[in-house]
Amino acid sequence: MKVLFAASEAIPYAKTGGLADVAGTLVTELRKAKTPALLFLPLYKEIEEKFRPEDMGVKVNVNLNGESLSGSLHSHGPAVFIACDRFFGRPELYGTAEGDFPDNSKRFAFFSRAVLEAARALDFRPDIVHVHDWQVALVPLYLKTLYKRDLFYSGTKSVLTIHNMGYQGIFPKEELPYTGLPKDLFNPEGIEYFGRVNFLKGGLISADVITTVSPTYAREIMTPEQGFGLDGVLRKRADSVKGILNGIDYAAWDPASDGSIPARYSRADISGKARCKAALADRFGFKDRKAPVVAFIGRLSSQKGVDLFLPVAGEVAGWGANIAVLGKGDEYFQREMTKLSGGLKGRVHAEVSFDEPLARLIYAGADMFLMPSRYEPCGLGQLISMRYGTPAVARQTGGLADTIEDFSPFKCRGTGFLFKGQFPDDLRQCLRAALCTWLDRKRWDVLVKSAMKRDFSWKRPVREYLKLYSELAGRTDEHKT
Ligand code: ADP
């Protein structure tokens, strides 16, 4: 069974968030499981410079609203890159601090069509096309429209994975011609969304199966609160929506072999974690080196609950905790975090950057990991932090609810701390409970070991995806758009 992956980012090539981890790891794991799988990605400038993929000497053409645009194919590892300087030969993936690139609809409509042309040019006839998020959500719709009578794709089934409903690729209706889609699809049952074109919706109405990255999020996105306006579309397709919890790469994220942390440790011998904590105190200038360290790593956005945390950070530092923050994101939050940094008697330090080695030091050196997300499709931070013996303090939503078991001090059972409310005070109370538990060393050790014992490797999700693919490939019916 051949699987074609298409995504706008994937590790190790380009990453802005968890989508990259999932796309990159899943394709590698499938290949390890002897499934022929190819991953198609845009050849961004940063990939070209860093990986120098090999030119395959193959070109594909896409008609973009009357203009014929050519993309050349380049290969590296499991990936085939589509180069088109005009669209991808620039710094950044989707935009700059000023906002999204104004030609994103053209860039990703081009890429989505070029992927299908490229697979044909390489004679890679997929049984399954598995696409991720809005950037490539038009691929299933192309299969059901422009490529409907194309014999090359006659046996192909499609899977669309939603990594975040908050990003849908919504554009003015004037952009429709660049998609190459028939005009009659521009209606409320099609890809129209309140007078505009919605790429994600295009995928939701056409993919044979829709998956998302945790079972709880699969239920949540069918509600008006979390569906971002597309809950009705999803409810109509409820029978085809499935939640498959993400994993993390257990070889890449392993405190027993991680070369970027100052001391290695494992569940059997956790003593090295104290050295990581000392190194983090040195790096972040924490004067009180024995205090518990509460860490946050992630996008500085309201989705991640940064606005719940900012109002309570001062109080938490006042209780005697150190706070370590690493993140990039909304300018307002970056400014506020920078203002806090260095203050509160040297108990808070924030780095506004994207820095994986530093993230590893924080995962290893912190005592608890903060994820007060308003919504969280799966979340990788809590999975990594548990692996590094750093239990999470998190909102009970989406994948956080599916992966963290709230700690009961009475039964001395659980793997982290969960709260339900949406207000800073809810987080404050939960953090207080976590910090009180931290003072009880015996209980804390049990909690840390329970968190480290959980298995969130890719073994289970890979099995689930393979089962889904083979069920789908064996199906003769198909979802009609
Ligand atoms: P998202 O919604 O952003 O995809 P996830 O929790 O699913 O959030 O994944 C975030 C991934 O990005 C994790 O691997 C996390 O370690 C990493 N990450 C986020 N921000 C940073 C940063 N500033 N520096 C280094 N790694 C980061």
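Further up the page is the structure itself.
Since the model is a prediction, treat every value here as computed from it, not as a measurement.

## Notes on the sheet that holds strand 1 (residues 3-6)
Strands pair in a sheet through their backbones, by hydrogen bonds, and they do so in one of two ways: parallel or antiparallel.
Here's step 1: Reading across the sheet, the 9 strands line up as 3-4-5-2-1-8-9-13-14 and stay open at both edges, with mixed pairing between neighbours. The open sheet terminates on both sides in strands that have one partner only, identified here as strand 3 (54-64) and strand 14 (241-243). Between one strand axis and the next, the sheet turns through 25 degrees on average, direction left out of account.
Here's step 2: Helix 1 (residues 18-32) contacts strand 1, strand 2 (37-42) and strand 8 (128-132) of the sheet and is inclined by roughly 150 degrees relative to strand 2.

## Brief notes about the pattern of salt bridges
Here's step 1: With the rule as written, the count across this model stands at 27 salt bridges.
Here's step 2: The residue R120 makes a salt bridge to D150 at a minimum N-O spacing of 2.7 Å. Of the two residues, R120 is situated in helix 4 (residues 104-121) and D150 in the loop between helix 5 (138-144) and strand 9 (157-162); the sequence distance between them amounts to 30 residues.
Here's step 3: Judged by its relative accessible area of 16%, D150 is buried.
Here's step 4: Between K144 and D208 there is a salt bridge whose closest N-O contact spans 3.0 Å. Note that K144 is positioned in helix 5 and D208 in the loop between helix 7 (199-204) and strand 13 (209-212), a separation of 64 residues in sequence.

## Some thoughts on the sheet that holds strand 20 (residues 416-419)
Here's step 1: If you trace the 6 strands from one edge of the open sheet to the other, you get 17-16-15-18-19-20, paired in parallel fashion. Among the strands making up the open sheet, the edge pair consists of strand 17 (348-351) and strand 20. Taking each pair of neighbouring strands and ignoring which way they run, the sheet shows an average axis angle of 20 degrees.
Here's step 2: Relative to strand 19 (residues 392-395), strand 18 (residues 368-371) is paired through 3 bridges, and the arrangement is parallel. Residue pairing for strand 19: M371 is matched across the bridge by A394.
Here's step 3: Running at roughly 145 degrees to strand 15 (residues 293-297), helix 14 (residues 356-365) makes contact with strand 15, strand 16 (322-326), strand 17 and strand 18 of the sheet.

## Description of unusual backbone geometry
Here's step 1: P12 follows I11 through a cis peptide bond whose omega is 5 degrees.
Here's step 2: Note on placement: P12 falls in the loop between strand 1 and helix 1.
Here's step 3: Positive phi values are uncommon outside glycine, yet F228 reaches one of about 50 degrees.
Here's step 4: Tracing the backbone shows F228 in the loop between helix 8 (215-220) and helix 9 (231-236).
Here's step 5: F228 gets classed as partly exposed once you look at its relative accessible area, which sits at 34%.

## Here's the deal with the packing of aromatic side chains
Here's step 1: Summed over the entire model, instances satisfying the criterion amount to 27 aromatic pairs.
Here's step 2: With a centroid separation of 6.2 Å and an interplanar angle of 15 degrees, the aromatic rings of F417 and W444 are classed as stacked. Of this pair, F417 sits in strand 20 while W444 sits in helix 18 (residues 441-453), and the two are 27 residues apart along the sequence.
Here's step 3: Taking relative accessible area as the criterion, F417 reaches 5% and is therefore assigned buried.

## Overview of helix 10 (residues 272-284)
Here's step 1: Here helix 10 contains 13 residues, and its C-alpha end-to-end distance of 19 Å stays within 8% of the 18 Å for a straight helix at 1.5 Å per residue.
Here's step 2: Along helix 10, the positions that sit buried rather than exposed are G272, K273, C276, K277, L280, A281 and F284.
Here's step 3: Buried-residue contacts for helix 10 involve strand 15, strand 16, strand 17, helix 14 and helix 17 (424-439).

## Things to note about the site of the ligand
Here's step 1: Around the ligand, the structure places 20 residues, and the nearest of them are G18, R299, K304, S353 and Y363.
Here's step 2: A distance of 2.5 Å separates an oxygen atom of the ligand from a polar atom in the backbone of G18.
Here's step 3: Contact between the ligand and K304: an oxygen atom at 2.9 Å from a side-chain N or O atom of the residue.
Here's step 4: Calculation on the ligand without its partners gives an accessible area of 560 Å², and the protein chains cover 91% of this total.
Here's step 5: Those elements that provide at least two residues to the shell around the ligand are helix 1, helix 14 and helix 15 (381-387).
Here's step 6: For the shell around the ligand, the leading source of residues is helix 14, giving 3 residues.
Here's step 7: Looking at the shell around the ligand, its residues break down into 7 nonpolar, 7 polar and 6 charged.

## Describing the nonpolar core
Here's step 1: Core analysis: the largest hydrophobic core is formed by 96 residues, its most contacted members being F5, F40, I82, F110, L204, L234 and Y469.
Here's step 2: Ranked by the residues each element gives to this core, the list is headed by helix 4, at 9 residues.
Here's step 3: For L204, the contacting residues outside a window of four places in its chain are L160, I162, I210, L230, V233, L234 and R237.
Here's step 4: F333, L361, L370 and L400 belong to the second-largest nonpolar core, a separate cluster that totals 75 residues.

## Some words on the side chain of Q303
Here's step 1: Tracing the sequence through the fold places Q303 in the loop between strand 15 and helix 11 (306-318).
Here's step 2: A polar contact of 3.1 Å, which involves the side chain of Q303, links it to the side chain of N164.

## Remarks on the environment of R347
Here's step 1: With respect to the helices and strands, R347 occurs in the loop between helix 13 (343-346) and strand 17.
Here's step 2: As for R347 and R113, which are separated by 234 residues in sequence, their C-alpha atoms are 51 Å apart.
Here's step 3: Excluding residues within four positions of it along the chain, R347 makes contact with F286, D288, A291, A317, G320, A321, N322 and I323.
Here's step 4: Polar side-chain contacts of R347 include one of 3.1 Å to the backbone oxygen of G320.

## Things to note about the packing of helix 11 against helix 12 (residues 331-340)
Here's step 1: The N-to-C vectors of helix 11 and helix 12 enclose an angle of 20 degrees; their axes lie 11 Å apart at closest approach. The angle between helix 11 and helix 12 places the two elements in the roughly parallel class. Helix 12 is crossed by helix 11, and the crossing has left-handed handedness. Across the interface between the two elements, V306, D307, F309, L310 and A313 of helix 11 pack against F333, E336, M337 and L340 of helix 12.
Here's step 2: Residues belonging to the contact of helix 11 with helix 12 are distributed by class as follows: 7 nonpolar, no polar and 2 charged.

Procedures and definitions
Residues numbered from 1 in each chain as written. Predicted model: local features only at pLDDT ≥ 70, side-chain atom pairs only at ≥ 80, totals over all residues. Heavy atoms only, no water. Pairing = 2+ DSSP bridges. Helix = DSSP H or I, 4+ residues; strand = E, 2+ residues; numbered from the N terminus. Axes fitted to C-alpha atoms, helices over the stretch in contact; angles between N-to-C directions. Contact = heavy atoms within 4.5 Å. Salt bridge = Lys/Arg side-chain N within 4 Å of Asp/Glu carboxyl O. Buried < 20%, exposed > 50% of the residue type's maximum accessible area, 1.4 Å probe, protein only. Phe/Tyr/Trp six-rings, centres within 6.5 Å; stacked < 30°, edge-to-face > 60°. Expected span 1.5 Å × (residues − 1). Near = heavy atom within 4 Å. Polar contact = N/O pair within 3.5 Å; in protein donor to acceptor, adjacent residues only side chain to side chain. Areas by Shrake-Rupley, 256 points an atom, 1.4 Å probe, with all protein chains shown as cover. Nonpolar A, V, L, I, M, F, W, Y, C, P; charged D, E, K, R; others polar. Core = buried A, V, L, I, M, F, W, Y, C linked by side-chain atoms within 4.5 Å. Parallel < 35°, antiparallel > 145°, perpendicular 65-115°, else oblique. Left-handed = near helix turned anticlockwise from the far one by under 90°.

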